[in-house]
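Listed below, chain by chain, are the residues.
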Amino acid sequence: MSIHKIDRSVLIEEKAMRHRKDELYKLVNEIMEQHDLETLMIATLSKIAFIDYMLGLDVMENHRLNSMINVVNSNRGTNHQLTDFYIRF
């Protein structure tokens, strides 16, 4: 991932962030059945939402993340919602 500092600004390459987001989705799929990794699951879903924020995307429109949360809820018996991961500054 390339990060460039330009006059107190940070430039993040979109391609690298999208790749990282795809890798995080894969991680969620890998740990979905491991109930002892709940903290890692929440952290990973939060990272996906944060990448959306950094890319200027509205997390509330991320249907892939919403579907992933629904699958996690089904497998783990939890009640997470997309709004739990909404990031705004």
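Chains are numbered independently. Their residues run from 1 in the order of the written sequence. With pLDDT at 70 or above as the cut-off, local features in this predicted model cover only qualifying residues; side-chain atom pairs require 80 or more to be listed or tallied, and sums for whole chains, interfaces and linings still use all residues. Here the side-chain values reflect all heavy atoms present in the structure, with hydrogen atoms and water set aside.

Asks: Please clarify how the packing of helix α2 (residues 38-54) against helix α3 (residues 63-76) should be interpreted in this entry.
Replies: Helices that pack against each other are described as a pair by the angle of their axes relative to one another and the distance between those axes. In this analysis, axes come from line fits to C-alpha atoms, helices being fitted only over the stretch in contact, and the angle between any two N-to-C directions falls in the range 0 to 180 degrees. For helices the rule is a DSSP run of H or I covering at least 4 residues; for strands it is a run of E covering at least 2, with both sets numbered from the N terminus onward. Contact pair α2 / α3: the axes reach a minimum separation of 11 Å and the direction vectors enclose 170 degrees. Judged by the inter-axis angle, α2 sits roughly antiparallel to α3. Every residue of α3 that contacts α2 at Glu-38, Met-41, Leu-45, Ile-48 and Ala-49 is listed here: Leu-65, Met-68, Ile-69, Val-72 and Arg-76. Throughout this entry, Asp, Glu, Lys and Arg are counted as charged residues, while Ala, Val, Leu, Ile, Met, Phe, Trp, Tyr, Cys and Pro are counted as nonpolar. The remaining residues, Gly among them, count as polar. Of the residues assigned to the contact of α2 with α3, the class counts are eight nonpolar, no polar and two charged. Here roughly perpendicular refers to angles of 65 to 115 degrees, roughly parallel to angles under 35, roughly antiparallel to angles over 145, and oblique to all remaining angles. Contact between two residues is taken to exist if any of their heavy atoms lie within 4.5 Å; hydrogens are not considered.

Asks: What is the right way to look at the packing of helix α1 (residues 14-31) against α2 in this model?
Replies: Contact pair α1 / α2: the axes reach a minimum separation of 10 Å and the direction vectors enclose 160 degrees. Judged by the angle between their axes, α1 and α2 are roughly antiparallel. Two packed elements cross with a definite hand, and for α1 against α2 that hand is left-handed. In this structure, α1 uses Met-17, Arg-20, Lys-21, Leu-24, Tyr-25, Leu-27, Val-28 and Ile-31 to contact α2, whose residues at the interface are Leu-40, Met-41, Thr-44, Leu-45, Lys-47, Ile-48, Ile-51, Asp-52 and Met-54. Residue composition of the contact of α1 with α2, by class: 12 nonpolar, one polar and four charged. Put simply, a crossing is left-handed when the front helix is turned counterclockwise from the back one by less than a right angle, and right-handed when it is turned clockwise.

Asks: What is the right way to read the nonpolar core from this model?
Replies: In globular proteins that are soluble, nonpolar side chains generally tend to be buried together. Here, nonpolar core refers to any group of buried Ala, Val, Leu, Ile, Met, Phe, Trp, Tyr and Cys residues whose side-chain atoms link them within 4.5 Å. Burial classification: accessible surface area is computed with a 1.4 Å probe over protein chains only, and a residue below 20% of its type maximum counts as buried, one above 50% as exposed, and the rest as partly exposed. One finds Val-28, Met-41, Leu-45, Ile-48 and Leu-65 to be the most contacted residues of the largest nonpolar core, which totals 18 residues. Elements with a minimum of two residues in this core: α1, α2 and α3. Here Met-41 is in contact with Val-28, Ile-31, Met-32, Val-72 and Arg-76, once residues within four sequence places are set aside.

Asks: Even after reading the chapter, I still don't get the environment of Phe-85, so can you show me in this structure?
Replies: Its place among the elements puts Phe-85 in the segment after α3. Note on Phe-85: relative accessible area 4%, which makes it buried. Each residue touching Phe-85, except ones within four places of it in the same chain, is listed here: Ile-42, Leu-45, Ser-46, Ala-49, Val-59, Ile-69 and His-80.

Keep in mind these numbers describe shape, not what the thing actually does.
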